[in-house]
Amino acid sequence: MDSTYSKVKTGIPGLDSVISGGLKPGRSVTVSGPPGSGKTTFGLQFLHSGANDFDEPGIYVTLSQNIEEVKNDCKSYGWDFDNLISQDKILMIDARPFKIQDELIGKDDSLYRGEQLPFEHLTKLILSSIKRVEAKRVVIDSVTILAMQYPDKFYMRQGLQGMVQALENFGVTSLILSEYHDNDEIPLEWFVTSGIIQLRHTRIEDTMERTIQVTKMRGIKHSEQIHPIDLNSDGLQLLHPRLMP
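Residues numbered from 1 in each chain as written. Predicted model: local features only at pLDDT ≥ 70, side-chain atom pairs only at ≥ 80, totals over all residues. Heavy atoms only, no water.

Student: Please clarify how the pattern of salt bridges should be interpreted in this entry.
Tutor: For side chains bearing opposite charge, pairing can occur when the charged atoms are close. As enumerated under the stated definition, the model contains seven salt bridges in all. Linking Glu179 and Lys39 is a salt bridge whose minimum nitrogen-to-oxygen distance equals 3.5 Å. Of the two residues, Glu179 is situated in strand S7 (residues 173-179) and Lys39 in helix H1 (residues 39-53); the sequence distance between them amounts to 140 residues. Taking the shortest distance from any N to any O, the salt bridge between Glu56 and Arg137 comes out at 2.8 Å. (Salt bridge = Lys/Arg side-chain N within 4 Å of Asp/Glu carboxyl O. Helix = DSSP H or I, 4+ residues; strand = E, 2+ residues; numbered from the N terminus.)

Put into structure tokens, the structure is as follows:
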């Protein structure tokens, strides 16, 4: 069953070997973890590798950092997003509900006003962007920021389901990044996406130990072990992955 379709390579060294060769195309996966666990790096590495190595254009939607900061952070890994943007291989969308200008924080909720369903405007914006660059990969960083806009959980889940469904219907493989601590209640995005990858980092004496665990990956045989990961000048990589049988 697993070999009948081509897999989407994550671009994270070692990860594909524990998920039977890669992600299922056209599915959405939640990447969850506490702040600083490497979620944004994971998402950008997935996009950079897609555009640079596999000729799969991608879209990055930021809801927290400004795009210049994001691109600057990528330079430390040797990822030149400006070049990929100029070739229409990457599109970066600033969809922050709050913008900071001249030391003042202003609400910029124009994308989120007057919606019948949450994320309706954002979803339309992403879908038109997918058409523009013929994207195959999408990263939304992070859905937790969006959740703060909507107090009603049922309403929020409807919107999230609508957005994920729309992305899957377009055939793009998407990563939905989300903040999650092990003792939090289970976030809505875990219920509506096809997979869950958890990143963790814990302080052990004077070093930070980073780990990754594939908690759910619908339709794909995968290891559920907790694997150590390293974050270095090339980005993230799994250390000693045990190969899938």
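Student: Explanation requested: the environment of Ala147 in the structure shown.
Tutor: The topology assignment puts Ala147 in helix H5 (residues 143-147). Classification of Ala147 as partly exposed rests on a relative accessible area of 28%. (Buried < 20%, exposed > 50% of the residue type's maximum accessible area, 1.4 Å probe, protein only.)

Student: Which parts of the structure should I look at to understand the sheet that holds strand S2 (residues 58-62)?
Tutor: In sheet architecture, strand pairing relies on hydrogen bonds along the backbone and comes in two forms, parallel and antiparallel. In space, the nine strands of this open sheet follow the order S3-S2-S6-S7-S1-S8-S9-S10-S11, with mixed pairing throughout. Bordering the open sheet on either side are strand S3 (90-94) and strand S11 (235-238), each of which pairs with just one other strand. Pairwise comparison of adjacent strand axes, ignoring direction, gives a mean angle of 20 degrees for this sheet. By the bridge criterion, four bridges tie strand S10 (residues 226-232) to S11 in an arrangement that is antiparallel. Residue pairing for S11: Ile229 is matched across the bridge by Leu238. Across the face of the sheet, helix H2 (residues 67-75) comes into contact with S2 and S3 while running at roughly 135 degrees to S3. Together, S2, S3 and strand S6 (137-141) form the strand contacts of helix H4 (residues 120-133), whose direction differs from that of S2 by roughly 150 degrees. (Pairing = 2+ DSSP bridges. Axes fitted to C-alpha atoms, helices over the stretch in contact; angles between N-to-C directions. Contact = heavy atoms within 4.5 Å.)

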